[in-house]
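Single-letter residue listing:
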Amino acid sequence: MTFWQLVLHLFNFALPALAMALFMPWAGRWVIGPGRASLRRRMGVQALCGLAVLVGGLLLHGQDGKMSTYIALVLVAATAEWLMQRGWAAK
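Source: prediction; values computed, not measured. (Residues numbered from 1 in each chain as written. Predicted model: local features only at pLDDT ≥ 70, side-chain atom pairs only at ≥ 80, totals over all residues. Heavy atoms only, no water.)

Asker: Is there a simple way to think about the packing of helix 2 (residues 39-61) against helix 3 (residues 67-84) in this case?
Answerer: Axis angle and axis distance: for two packed helices, these are the angle between their axes and the distance between the axes, and together they describe the pair. As a packed pair, helix 2 and helix 3 sit with axes 9 Å apart at the nearest point and diverge in direction by 150°. By the angle between their axes, helix 2 is roughly antiparallel relative to helix 3. Here helix 2 runs over helix 3; the crossing is right-handed. Contacts from R42, V45, Q46, C49, G50, V53, L54, G57 and H61 of helix 2 reach helix 3 at S68, T69, Y70, A72, L73, V76, A77, A80, E81 and M84. Residues of the contact of helix 2 with helix 3, tallied by class, amount to eleven nonpolar, six polar and two charged. (Axes fitted to C-alpha atoms, helices over the stretch in contact; angles between N-to-C directions. Helix = DSSP H or I, 4+ residues; strand = E, 2+ residues; numbered from the N terminus. Parallel < 35°, antiparallel > 145°, perpendicular 65-115°, else oblique. Left-handed = near helix turned anticlockwise from the far one by under 90°. Contact = heavy atoms within 4.5 Å. Nonpolar A, V, L, I, M, F, W, Y, C, P; charged D, E, K, R; others polar.)

What follows is the structure, given as structure tokens:
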């Protein structure tokens, strides 16, 4: 495996978490409203949570790309956004 193939593999591994990190703060803002945390901070937290889920799924299953890992990614992203938006106190 060349260096560029390794970079592409790592990028494709992280891409679902990065895409969720990009879109979830905007979706949370649309559904719940503007939160107290900045958009950039929420994107960073989403990216870290998403990458942790993907690495955990890789370690648990022994391979990446399992649907259960992606389901966990969506659930963790939605829960993290709800917590950052203080969804329990929403109008």
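What follows continues from the structure just given.
Asker: Even after reading the chapter, I still don't get the pattern of salt bridges, so can you show me in this structure?
Answerer: Pairing of side chains with opposite charge becomes possible as their charged atoms draw close. Taken as a whole and judged by the stated rule, the model has one salt bridge. Here R42 makes a salt bridge to E81, at a shortest N to O gap of 3.0 Å. Of this pair, R42 sits in helix 2 while E81 sits in helix 3, and the two are 39 residues apart along the sequence. (Salt bridge = Lys/Arg side-chain N within 4 Å of Asp/Glu carboxyl O.)

Asker: Even after reading the chapter, I still don't get a nonpolar patch on the surface, so can you show me in this structure?
Answerer: A grouping of M1, F3, W4, L6, V7 and L10 is seen on the molecular surface, where their side chains present a nonpolar patch of about 700 Å² in accessible area. Inspection of the secondary structure puts M1 in the segment before helix 1 (3-31). (Patch = residues over 30% accessible without salt bridge, like charges linked within 9 Å, V, L, I, M, F, W, Y side chains within 5 Å. Areas by Shrake-Rupley, 256 points an atom, 1.4 Å probe, with all protein chains shown as cover.)

Asker: Explanation requested: the side chain of Q85 in the structure shown.
Answerer: Its place among the elements puts Q85 in the segment after helix 3. When residues no more than four places from it in sequence are discounted, the contact partners of Q85 are P25, G28, R29, I32, G33, P34, G35 and R42.

Asker: Sorry, what's going on with the packing of aromatic side chains here?
Answerer: Pairs of aromatic rings are described using the distance from one ring centre to the other and the angle between the two planes. Within the structure shown, the criterion is met by one aromatic pair. Ring centres 5.2 Å apart and planes at 70° place the aromatic pair F3 and W4 in the edge-to-face group. As far as burial versus exposure is concerned, F3 and W4 are alike and both exposed. (Phe/Tyr/Trp six-rings, centres within 6.5 Å; stacked < 30°, edge-to-face > 60°. Buried < 20%, exposed > 50% of the residue type's maximum accessible area, 1.4 Å probe, protein only.)

Honestly, it's all geometry; don't read function into it.
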